Every structure is written in C-alpha cells, then in structure tokens.
Amino acid sequence: MFTGLVEEIGTLRRVQRRGEAMVLTIAAKKVLEDVKIGDSIAVNGVCLTVVSHDSGAFTADVMPETFRHTNLHELKPGDPVNLERAMQAGGRFGGHIVQGHVDGTATIVGRKPEANAVVFTIRPHNPALLRHMVPQGSVTLDGTSLTIVSADREAETFTVSIIPHTLKETVIQFKQPGDTMNVECDILGKYIDHLLRLREGERPAEPKPQRSAGGLTEALLREYGF
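Some words on unusual backbone geometry
Here is step 1: In this structure, Asn-44 takes a positive phi of about 50° despite not being glycine.
Here is step 2: For Asn-44, a relative accessible area of 3% gives the class buried.

Observations concerning the nonpolar core
Here is step 1: Core analysis: the largest hydrophobic core is formed by 22 residues, its most contacted members being Val-43, Phe-58, Leu-72 and Leu-83.
Here is step 2: Not counting chain neighbours up to four residues away, the residues in contact with Leu-83 comprise Val-6, Glu-7, Glu-8, Gly-10, Ile-26, Ala-28, Val-31, Ile-41, Ala-42, Val-43 and Phe-58.
Here is step 3: With 20 residues, the next largest nonpolar core counts Met-133, Val-160, Leu-167 and Met-181 among its residues.

Thoughts on the sheet that holds strand β8 (residues 117-124)
Here is step 1: Strand order around the closed barrel formed by 6 strands is β7-β8-β11-β10-β9-β12, with antiparallel pairing between neighbours. Each adjacent strand pair in this sheet contributes to an overall mean axis angle of 45°, direction not counted.
Here is step 2: Two strands pair when backbone bridges link them, and strand β10 (residues 144-152) and strand β11 (residues 157-162) are joined in this way by 4 bridges, in the antiparallel orientation. Its bridge partner being in β11, Ile-148 is matched across the sheet by Val-160.

Thoughts on the layout of surface pockets
With a probe scaled to a water molecule rolled over the atoms, the places where space remains empty come into view.
Here is step 1: Empty space within the largest pocket amounts to approximately 470 Å³.
Here is step 2: Lining the largest pocket are 20 residues; nearest its centre among them are Glu-7, Arg-85, Ala-86, Met-87 and Gln-88.
Here is step 3: At the level of secondary structure, the elements contributing two or more residues to the lining of the largest pocket comprise β3 (40-43) and β6 (80-85).
Here is step 4: Partitioned by chemical class, the residues of the lining of the largest pocket number 7 nonpolar, 5 polar and 8 charged.
Here is step 5: Of the volumes computed, that of the second largest pocket is approximately 310 Å³.

Considering the environment of Ile-41
Here is step 1: Assignment of secondary structure puts Ile-41 in strand β3.
Here is step 2: Separated by 39 residues in the primary sequence, Ile-41 and Phe-2 have C-alpha atoms spaced 8.8 Å apart.

So, the side chain of Thr-70
Here is step 1: Mapping Thr-70 onto the fold places it in the loop between α1 (64-69) and β6.
Here is step 2: According to the relative accessible area criterion, Thr-70 is buried, its value standing at 4%.
Here is step 3: From its side chain, Thr-70 meets the backbone oxygen of Thr-66 in a polar contact 2.8 Å long.
Here is step 4: In this structure Thr-70 touches Val-46, Val-102, Thr-105 and Asn-182, once residues within four positions along its chain are discounted.

Here's the deal with helix α3 (residues 187-199)
Here is step 1: A rise of 1.5 Å per residue sets the reference length of α3, with its 13 residues, at 18 Å; its end C-alpha atoms lie 18 Å apart and thus fit the reference within 8%.
Here is step 2: Among all positions of α3, only Ile-187, Lys-190, Asp-193 and Leu-198 are buried. Burial along α3 is one-sided: seen end-on, the buried residues are contained in an arc of 135°. Exposed residues pointing more than 90 degrees away from the buried face of α3 are listed as Leu-188, Ile-192 and Arg-199.
Here is step 3: Positive backbone phi, approximately 105°, marks Gly-201, located one or two places after α3.

The rules behind the values
Residues numbered from 1 in each chain as written. Predicted model: local features only at pLDDT ≥ 70, side-chain atom pairs only at ≥ 80, totals over all residues. Heavy atoms only, no water. Buried < 20%, exposed > 50% of the residue type's maximum accessible area, 1.4 Å probe, protein only. Core = buried A, V, L, I, M, F, W, Y, C linked by side-chain atoms within 4.5 Å. Contact = heavy atoms within 4.5 Å. Pairing = 2+ DSSP bridges. Helix = DSSP H or I, 4+ residues; strand = E, 2+ residues; numbered from the N terminus. Axes fitted to C-alpha atoms, helices over the stretch in contact; angles between N-to-C directions. 1 Å grid on protein atoms, 1.4 Å probe; cavity = no way out; pocket = protein on both sides within 12 Å on 5 of 7 lines; lining within 4 Å. Points joined across faces, edges and corners; volume = space filled by probe spheres on them. Nonpolar A, V, L, I, M, F, W, Y, C, P; charged D, E, K, R; others polar. Polar contact = N/O pair within 3.5 Å; in protein donor to acceptor, adjacent residues only side chain to side chain. Expected span 1.5 Å × (residues − 1). Arc of directions from axis to C-beta.

The analysis is restricted to geometry; functional conclusions fall outside its scope.
Given below as structure tokens:
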C-alpha cells in the first residue's frame, strides 16, 4: 500500500521489451536506501516488484496486463518517473490509500496557471471512471495523491489544482496537454460503488454459488463482491 506522496523522481535507464512484457531498469537514490529484492515500489503509480538492484538502480518486471493498462509502455530511456516505496506500518499517512493498481489512463487536455497553483484538466480514456471523481475527493495521477477540484460529466473531464511544491517534486511538472497519465480512483469509492451495484441487482454473469453449512467460504465472499 502507498500514500501517493512521491519520494523522488527517478530516471528510466533501460527498457527491455519482448512483446507486451518489459523489464525496466530505473536509476534512483532515496528509494534504494533500504531496498530488498521482493519489495514494492510504485513507478508512476504502478506497484512493481524489485527483482534486482545495485547501489544506483533497481529493475522490475512489467507483465502484459500492466503494459496494456498503464502508460509504462510509453516510457523511453532518460524519462523521469515518480517513485514511492510501500508505506511502513506506523508511518505518517500524508496522502490517501493508494494500492498502485491503476484503473486506466487519461489525457491532459488543459494546463493553466491560477495564482500560485497550476490547474490540470484531465480526460479519462474510459469515461466510466468519472463516476468515482468526487469534488474534494482523492485521485492518484502518475502515483501522486491529489484533490479533485471539479468533475464535468458532459465534457468527460475532471480538474486538479497543484501547488508549487507538488509540481516541483513530481513528474507532473513536465506534463503538457496531450500527455497521458495513470489514474487510480479512490479505493473507498470503488468498493462502495461495487457493493451498491451488487445490492441493486447487478450480479456477476457467473452462476450463483450455493450456500452450505460450512460457514464463510471463498464462494460466499465472491457472491457478495469481496
């Protein structure tokens, strides 16, 4: 689990690609201070597993599912990436609950200054994600925890306002209209929405499992959306 507070901007050193599978080598400093093989590091908001590392870089595998549903496949050597280590128990929870499980990508359609902030207008590639965009709620863009300012269902966009510190410390500073970003919606909203849909009768297409006297089972949990 992450918080969406980016720890440092790393640099993509190398990309090894075989079809829709990739191995990324990323140069970093801070996130390597206590790194171990098997640790989780969010790269542009995507939870990846460290498979090897040295004093100046780590490598991580990207599977086809991640390749297809995130912007990692667009990266080139030299590109900057947001990095965050998994949250430690007892640490400060400065952002919001972030899983590193990207819901989809979006395109920046507007960027304009407003006093000391910069307002970005974002259009998700899947308009259905807008149902989770609640003004003053949370959203994660390229691994950065941000507050939603507004959502426009007709225009299929939402906006976020970014302070100078966040802009300086994340790759968002380099983003311009036309660029893509990874989007992770607030997990609390997603689960509530999912359970309400089940309650309203939107059942999965699979056959309904039979209850038994065996108590709590995997089939029973799946029936109710867990």
